[in-house]
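Observations on the three-dimensional arrangement
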Amino acid sequence: MSKLGGATARVVKGALKARQTSFRAALTLTNEAVSRIRVLLAQQNNANALKIGVRQKGCNGLTYTLEYAREKQKFDEEVEQDGIKVWIEPKAQLSLLGSEMDYVTDKLSSEFVFRNPNIKGTCGCGESFSI
């Protein structure tokens, strides 16, 4: 499937915005992220979920990738929240554990933001991170 055109993802270290639960979920989505993913998936005829991966890129080593997906792969972790599905590739599962995915809009940009308590550092622009 195609990658999200024009979508960016930023990583920040720090406290989570959503409510804390007694268990450690692989990934928690804010209401804003759920709404935006719902809109994006509705625009794609063959997409059943948003797939999150990780690859080596940037000055800090890793960056998240977002793609539309038709089928869940054998070892993908599934997060279903409010009727939308997010599949996490095996290589990204440990780096996302306990993170929160948000969608933030301001006057100049709109982007997905991952609040990840596990990261050790980020680059200046926030696109790459290290664990």
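Residues numbered from 1 in each chain as written. Predicted model: local features only at pLDDT ≥ 70, side-chain atom pairs only at ≥ 80, totals over all residues. Heavy atoms only, no water.

Before going further, it helps to examine the overall build of the protein chain. Scanning the protein chain for helices and strands turns up two helices and 10 strands. The helix and strand sequence of the protein chain, counted from the amino end, reads β-β-α-β-β-β-β-α-β-β-β-β. Within the protein chain, contacts between residues at least 6 apart in sequence are counted, and of these 63% link residues at least 24 apart. A total accessible area of about 7500 Å² is found for the protein chain, and carbon and sulfur atoms account for 47% of it. (Helix = DSSP H or I, 4+ residues; strand = E, 2+ residues; numbered from the N terminus. Contact = heavy atoms within 4.5 Å. Areas by Shrake-Rupley, 256 points an atom, 1.4 Å probe, with all protein chains shown as cover.)

This part takes up the packing of aromatic side chains. Scanning all chains against the criterion turns up two aromatic pairs. With centroids separated by 4.5 Å and ring planes inclined at 35 degrees, the aromatic side chains of Y64 and F114 adopt a geometry described as tilted. Of this pair, Y64 sits in strand β4 (residues 62-69) while F114 sits in strand β8 (residues 110-115), placing them 50 residues apart in sequence. (Phe/Tyr/Trp six-rings, centres within 6.5 Å; stacked < 30°, edge-to-face > 60°.)

Turning our eyes to something else, we now look at the pattern of salt bridges. Any two side chains of opposite charge can pair if their charged atoms end up close together. Summed over all chains, the structure comprises three salt bridges. Close ionic contact of D102 with R115 constitutes a salt bridge, the shortest N to O distance being 2.9 Å. Highlighted residues: D102 in strand β7 (residues 99-105) and R115 in strand β8, separated in sequence by 13 residues. As far as burial versus exposure is concerned, D102 and R115 are alike and both buried. (Salt bridge = Lys/Arg side-chain N within 4 Å of Asp/Glu carboxyl O. Buried < 20%, exposed > 50% of the residue type's maximum accessible area, 1.4 Å probe, protein only.)

So, on to the confidence of the model for the protein chain. Summary statistics for the protein chain give a mean pLDDT of 77 and a share of 66% for residues scoring 70 or more. When pLDDT is averaged over each helix and strand of the protein chain, the minimum, 52, is found for strand β10 (residues 129-130) and the maximum, 94, for helix α1 (residues 31-42). (pLDDT = per-residue confidence, 0-100.)

The sheet contact formed by strand β5 (residues 77-81) and strand β6 (residues 84-88) spans five bridges and is antiparallel. Residue pairing across strands places E77 opposite I88, the latter belonging to β6. (Pairing = 2+ DSSP bridges.)

Before going further, it helps to spend a moment on the nonpolar core. L27, I52 and M101 are the most contacted members of the largest nonpolar core, which totals 25 residues. For this core, the elements supplying multiple residues, two or more each, are β2 (27-29), α1, β3 (49-56), β4, β6, α2 (90-96), β7 and β8. By residue number, the principal contributor to this core is α1, which donates five residues. Filtering out sequence-adjacent residues up to four positions away, L27 remains in contact with I52, V79, V86, I88, L96, S99, E100, M101 and F114. (Core = buried A, V, L, I, M, F, W, Y, C linked by side-chain atoms within 4.5 Å.)

With that out of the way, let us pick up the pairing of β7. With five of seven residues buried, β7 lies mostly within the body of the structure. With three bridges connecting them, β2 and β7 associate as parallel partners. Bridge pairing in β7 links T28 to E100. Pairing geometry for β7 and β8, over six bridges, is antiparallel.

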